[in-house]
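Reading the structure
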Amino acid sequence: MSAARPPEGARHRSLQGEGTPVSTAPGAGAPVNGPLLQVEDLVKHFERPRSLTRRLAGEKASVVHAVNGVSLALERGETLGLIGESGCGKSTLGRAILRLVEPSAGRVVFDGQCLQGLGARQMAGMRARMQIIFQDPYASLNPRKSIREIVSLPLQLHGGLKPADITQRVQAILARVGFRGDQIDLYPHQFSGGQRQRIGIARALVSRPELVVCDEPVSALDVSIKAQILELLGELKAEFNLTYLFVSHDIAAVGHIADRIAVMYLGEIVEIGPTSQIIHAPQHPYTRALLSAVPRLFPEAGRTRVVLRGDLPSPVHPPRGCKFHTRCPVAMDSCSTQAPALLATGEDARHRVACWRSTPHD
Amino acid sequence: MHSTPGCNNPAMHAHAASSTTPTQPVLRIRGLCTEFPTPRGPLPAVQDLSLDVPAGECVGVVGESGSGKSVAFASVLGLVRAPGRVTGGQVWLDGIDLRTLDEAAMRRVRGKQIAMTLQDALTALNPSLTVGQQLVEVILAHDDDVSRLPWWQRQRRARTRALEMMALVGIPTPGTRLQDYPHQFSGGMRQRIMIAIALACKPRLLIADEPTTALDVTIQAQVLELIASLRQALGMSVVLITHDLGVVAERCDRVVVMYAGQVVESGTTAQVIGAPRHPYTRALLRATPRVEDLAQAVQPIAGTVPDMVDFPAQCHFMARCPQRQDACRTRIPLEFAPGTHQARCVLAPGEGT
């Protein structure tokens, strides 16, 4: 089976704009046709700690602008890839959506229900439906617990199951991701990196979630293992009818698994659209630079490579106006004063770009 | 053999045997073997490794973790720590057999003639010294121009050289950044500093061990571009150890593919990537996600790398190979012939290209 492509039926998308308001009344009948996840103007700022004397002296806190007003929507059964350089806020966005870090502003609507109003207990119930797979298969598993204990913990937390049912579900999911029955009481250090990532996947899927945030799930893996995990994620998505938010800086891997791709730069989405359009016809100069930097097996003659100057600017003091203008090869004077909005570029309303060059503003 | 676009040394022709090669390769490795003892018996991490690094060329060494590519070059530099040991083979650098050198002579070779950058720049750099101190240390230890000076001038001259190197690798405001500690730099900048330290004494050969693995694609492009431009400016040879076939395809003249301690295929980049002969190379290419061809499904390689302790004398890739046959159950030899396209496989065509 191909590693990445979901069944055709799962790929339909509603033409709703992503800013469409959604009922927030908790407990209201969940709209079956609405997007599974809707993120509106999500902001996450981290305040750097100051000493007491500095606070008393009235010194202003320095604030890391990790996520700056991100809006997006995920349809059921869709995979949205989130790409960008390290430090652009893509992992923070994934965690803020699940409230693993508390967002500073904005809201997240999951299956018609706004997560921001929920108390700790209600949120815990929601967590069974939205799970995360972490990047580092070495750091994300407790070395003192057997894989049976690791994978059954979500079921124990989310409650309501008899021990026999828990055992049965844990065994079923571990068998599905490729473990033999006699391996279930072994410990994480007895497995290789790829196998550990499978344990992380089993842990995420055992509570039968609808949304899974994959936070760089293949970045720490070798080529052949990476392909195995990508294939497994693709199969599981079809089998369990999952929706993925696939966060990664590995653009080729995202290109193979995602239906749509969002490109982040300094806490903002600069371009979002269907995978083939982002990969083959990128509009934003940052997306172009990012794609031209991806190494290819058969480099075309005459390919112009846009090598960006410098590193990502500090998210403590992000540039004014368009945040990319300091490194942009086609920046104009106006780019440094006013920030462009994320607007549709061509006839396809799903492909939107935040750039003064490619969209006719006003 | 056709001259390939990536190959910038037209003197290397297929018919030129090693003895008649007009220009001697900078680095010549023949039959290198390295072992680590384990409680269950010796683990052969590198087995019978042979390769040439011609002057001015960039050779890519590709393989997954555990294929022995890093251990092989640690062996070249005499950096394998006990209880691991090099059990056989020869390594010549410009005609000098490195394995016969004593520790003091070897130390002069390292840093001065061969330099190596390590994958993880944060752990490779000393966190308690400024990058300026670390650069000056290397220059004082190895740079002849500096050691010829009277002692009271050396420190100042070394500092000037350090400043030049920081500017060469593209670090903005090098004067002030010399006083910074490694943690104050970003990942890409740290990798640049490692390269600056490696190149401070203008080595003949740079061994770059996964220089860009932990970096973003944009920074990866900057660092690879930097290595390529310095290679031209200083006329040095480069060995690029990586697991990314795309990096090899774009940056290397020749490729050596390693699997489970052995070289399984070697040739020019166009030969190995364009017309691979070993089933492992083909499987690796199919498992690599490619942005230019999204319709092409990514195909994983079934199975895992074998445990090499007590491994029988047979093809190492056999258990995972779709084309395995009975003939694979014997030792598969690979007689190294410089400048040819070779594969360690019973199905591969014989000598020549």
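Residues numbered from 1 in each chain as written. Chains lettered and ligands numbered in written order. Predicted model: local features only at pLDDT ≥ 70, side-chain atom pairs only at ≥ 80, totals over all residues.

**Focus: the sheet that holds strand S1 (residues 27–38) of chain B**
Residues and elements named next belong to chain B. The strand order across the open sheet built from four strands is S2-S1-S4-S5, with neighbouring strands paired in antiparallel fashion. The open sheet has two edge strands, strand S2 (41–53) and strand S5 (96–97), and neither has a second partner. The pairing of strand S4 (residues 85–93) with S5 spans two bridges and is classified as antiparallel. Each bridged residue has a counterpart across the sheet, and for tryptophan 92 the counterpart in S5 is aspartate 97. (Pairing = 2+ DSSP bridges. Helix = DSSP H or I, 4+ residues; strand = E, 2+ residues; numbered from the N terminus.)

**A word on the sheet that holds strand S7 (residues 211–215) of chain A**
All names here are of chain A. Here we have eight strands laid out as an open sheet, ordered S6-S7-S8-S3-S9-S10-S12-S11, and mixed in their pairing. Both outer strands of the open sheet, strand S6 (130–133) and strand S11 (343–344), are each paired with one neighbouring strand and no more. As paired elements, strand S3 (residues 79–83) and strand S8 (residues 243–247) share four bridges and run parallel to each other. Within the sheet, the bridge partner assigned to threonine 79 lies in S8 and is tyrosine 244.

**A closer look at the pairing of strand S7 (residues 205–209) of chain B**
Residues and elements named next belong to chain B. In terms of burial, S7 is a largely internal element, five of the five residues being buried. The side-chain alternation of S7 yields two buried faces, one formed by Leu205, Ile207 and Asp209 and the other by Leu206 and Ala208. The sheet contact formed by strand S6 (residues 114–117) and S7 spans four bridges and is parallel. Across the sheet, the residue bridging to isoleucine 114 is leucine 205, located in S7. Where S7 and strand S8 (residues 237–242) come together, five bridges link them in parallel fashion. Considered in S8, the bridge of leucine 206 is made with valine 238. (Buried ≥ 20, exposed ≤ 12 C-beta atoms within 10 Å, placed from the backbone.)

**Points about the confidence of the model for chain A**
Residues at a pLDDT of 70 or more form 89% of chain A, whose mean pLDDT is 85. Confidence over residues 1–31 of chain A falls short of pLDDT 50; this stretch has 47 contacts with residues more than four positions distant or in other chains. (pLDDT = per-residue confidence, 0-100. Contact = placed C-beta atoms within 7 Å.)

**A closer look at the pairing of strand S3 (residues 58–62) of chain B**
Residues and elements named next belong to chain B. Of all five residues in S3, five are buried, a share of seventy percent or more. Every second residue of S3 is oriented toward a common face, with Cys58, Gly60 and Val62 on one face and Val59 and Val61 on the other, all of them buried. Here S3 pairs with S8 via five bridges, running parallel. The partner of glycine 60 across the bridge, within S8, is leucine 240.

**Section: the interface of chain B and chain A**
In this assembly, 34 residues from chain B lie in contact with 36 residues from chain A. Every element with two or more residues in the side of chain B that touches chain A is listed here: helix H9 (217–234), helix H10 (245–251) and helix H12 (279–287) of chain B. Counted by class, the side of chain B that touches chain A contains 16 nonpolar, eleven polar and seven charged residues. (Nonpolar A, V, L, I, M, F, W, Y, C, P; charged D, E, K, R; others polar.)

**Some details on the nonpolar core**
Within the largest apolar cluster, 190 residues are counted, with the highest numbers of intra-cluster contacts made by A:Phe246, A:Val263, B:Leu135, B:Ala196 and B:Val239. In this structure A:Phe246 touches A:Thr79, A:Leu80, A:Gly81, A:Leu82, A:Cys214, A:Val254, A:Ile257 and A:Ala258, once residues within four positions along its chain are discounted. (Core = buried A, V, L, I, M, F, W, Y, C linked by C-beta atoms within 7 Å.)

**Overview of the environment of A:Leu72**
Residues and elements named next belong to chain A. Relative to the helices and strands, leucine 72 resides in strand S2 (residues 63–74). Under the C-beta neighbour-count criterion, leucine 72 is labelled buried, with 22 such atoms within 10 Å. Expressed as a C-alpha distance, the spacing of leucine 72 and alanine 262, which sit 190 residues apart in the sequence, is 9.0 Å.

**Observations concerning the environment of A:Cys214**
Residue and element names in this part refer to chain A. With respect to the helices and strands, cysteine 214 occurs in strand S7. Judged by the 28 C-beta atoms lying within 10 Å of it, cysteine 214 is buried. C-alpha separation for the pair cysteine 214 and leucine 233, spaced 19 residues apart in sequence, amounts to 9.6 Å. With residues near it in sequence (within four places) discarded, cysteine 214 still touches Ile133, Leu233, Tyr244, Leu245, Phe246 and Val247.

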